[in-house]
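Architecture and fold: a report
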Amino acid sequence: MTETAKTAETAEMAERQTPRRGRGERVGLSRQQILDAALGLVDRDGLKGLTMRSLGQELGVEAMTLYHYVPNKDALLDGLVEQVFTAATPALDGSADWRTALHAYATALREGLLRHPAVLPLATSRPAVTPATLDDLEALLHLLTTGGFPLGRALHALNSLAVFVIGHATAEARIVVGAEEAGGTDWLAALDAERYPLLIRAATEGTGTDDAERFAFALDALLLGFDALRSG
């Protein structure tokens with residue numbers, strides 16, 4: 001037997017002796033690894049590119065393997081929402097008051113949604129239902145009720161805050177206008193000066209056009225309103 005034939009025979013025997021991984025068998029993954037990979041995939045390919053098969057290929061496993069960690073596609077989508085929302089939740093260790101904590105939460109949530117714009121449609125259509133997101137909601141409610149909010153108003157405050165942040169981020173992600181396009185700064189600056197002096201001035205000076213500044217202004221106003229109405 002030639003050396004080449006011996007090598008081939010040895011490799012074939014080793015392959016026969018190595019137990020094959022069955023369909024759906026665990027491969028040392030974790031739910032968190034799967035969600036991280038799914039978030040990276042939708043960042044790159046969008047929600048339409050996310051299937052159990054494409055995610056399995058991303059992780060180097062069969063699609064059936066994923067069902068040990070996420071029972072179905074809906075659970076995977078809920079996990080993507082969880083990824084963005086839980087990453088924004090501040091450490092609620094009692095070191096910050098409710099206004100400081102909600103300000104940090106809203107700011108971090110906006111930034112997270114803008115980093116992962118493919119998650120925005122999910123954030124607008126899927127409620128927080130995973131244990132991790134419910135744990136954060138419970139902690140935020142505890143923070144607000146401890147801070148003087150009746151439970152009903154605490155829920156109103158959190159829901160209003162989430163709607164505001166998601167809506168603002170959605171508008172920022174979708175409405176990207178060039179300076180010379182309709183609604184852009186150059187387009188506004190070329191309007192009739194007698195009819196639209198304030199719009200022209202704002203466009204020329206860049207006043208009121210910064211998204212982050214607008215968000216911070218509205219967030220401060222919202223939190224001030226919550227404070228005024230929390231127990232009235």
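Here the structure is a predicted model, which is why all the values come from computation and not from measurement.

Focus on the side chain of Arg110
- Tracing the chain through its elements places Arg110 in helix H6 (residues 98–115).
- If sequence neighbours within four positions are ignored, Arg110 has contacts with Val165, His168, Glu172, Asp211, Ala212 and Phe215.

What to know about the confidence of the model for the chain
- Across the chain, pLDDT averages 87, with 86% of residues at or above 70.
- Below a pLDDT of 50 lies the segment residues 4–8, which in the model reaches 1 contact outside its immediate sequence neighbourhood of four places, other chains included.
- Overall, residues 10–26 carries pLDDT values under 50, and its contacts beyond four positions in sequence, including any with other chains, amount to 14 contacts.

Here we look at the nonpolar core
- If you look at the biggest cluster of nonpolar residues, it comprises 51 residues, and the most contacted ones within it are Leu50, Leu55, Leu76 and Leu113.
- For this core, the element with the highest residue contribution is helix H9 (residues 151–174), accounting for 8 residues.
- Those residues in contact with Leu113 that lie beyond four places of it in its chain are Val84, Leu120, Ala123, Val165, Ile166 and Ala169.

Description of the environment of Thr124
- Assignment of secondary structure puts Thr124 in helix H7 (residues 120–125).
- Exposure remark for Thr124: the relative accessible area of 53% places this residue in the exposed category.
- Considered as a pair, Thr124 and Thr170 are 46 residues apart in the sequence and their alpha carbons are 9.2 Å apart.
- For Thr124, the residues in contact, after removing those within four places along its chain, are Ile166 and Thr170.

Here we look at the packing of H6 against helix H8 (residues 131–146)
- Here H6 crosses H8 at 145°, and the two axes come no closer than 9 Å. Contacts between H6 and H8 involve Trp98, Ala101, Leu102 and Tyr105 on the former and, on the latter, Leu140, Leu143 and Leu144.
- Tallied by class, residues from the contact of H6 with H8 come to 7 nonpolar, no polar and no charged.

The rules behind each value
- Residues numbered from 1 in each chain as written.
- Predicted model: local features only at pLDDT ≥ 70, side-chain atom pairs only at ≥ 80, totals over all residues.
- Heavy atoms only, no water.
- Helix = DSSP H or I, 4+ residues; strand = E, 2+ residues; numbered from the N terminus.
- Contact = heavy atoms within 4.5 Å.
- pLDDT = per-residue confidence, 0-100.
- Core = buried A, V, L, I, M, F, W, Y, C linked by side-chain atoms within 4.5 Å.
- Buried < 20%, exposed > 50% of the residue type's maximum accessible area, 1.4 Å probe, protein only.
- Axes fitted to C-alpha atoms, helices over the stretch in contact; angles between N-to-C directions.
- Nonpolar A, V, L, I, M, F, W, Y, C, P; charged D, E, K, R; others polar.

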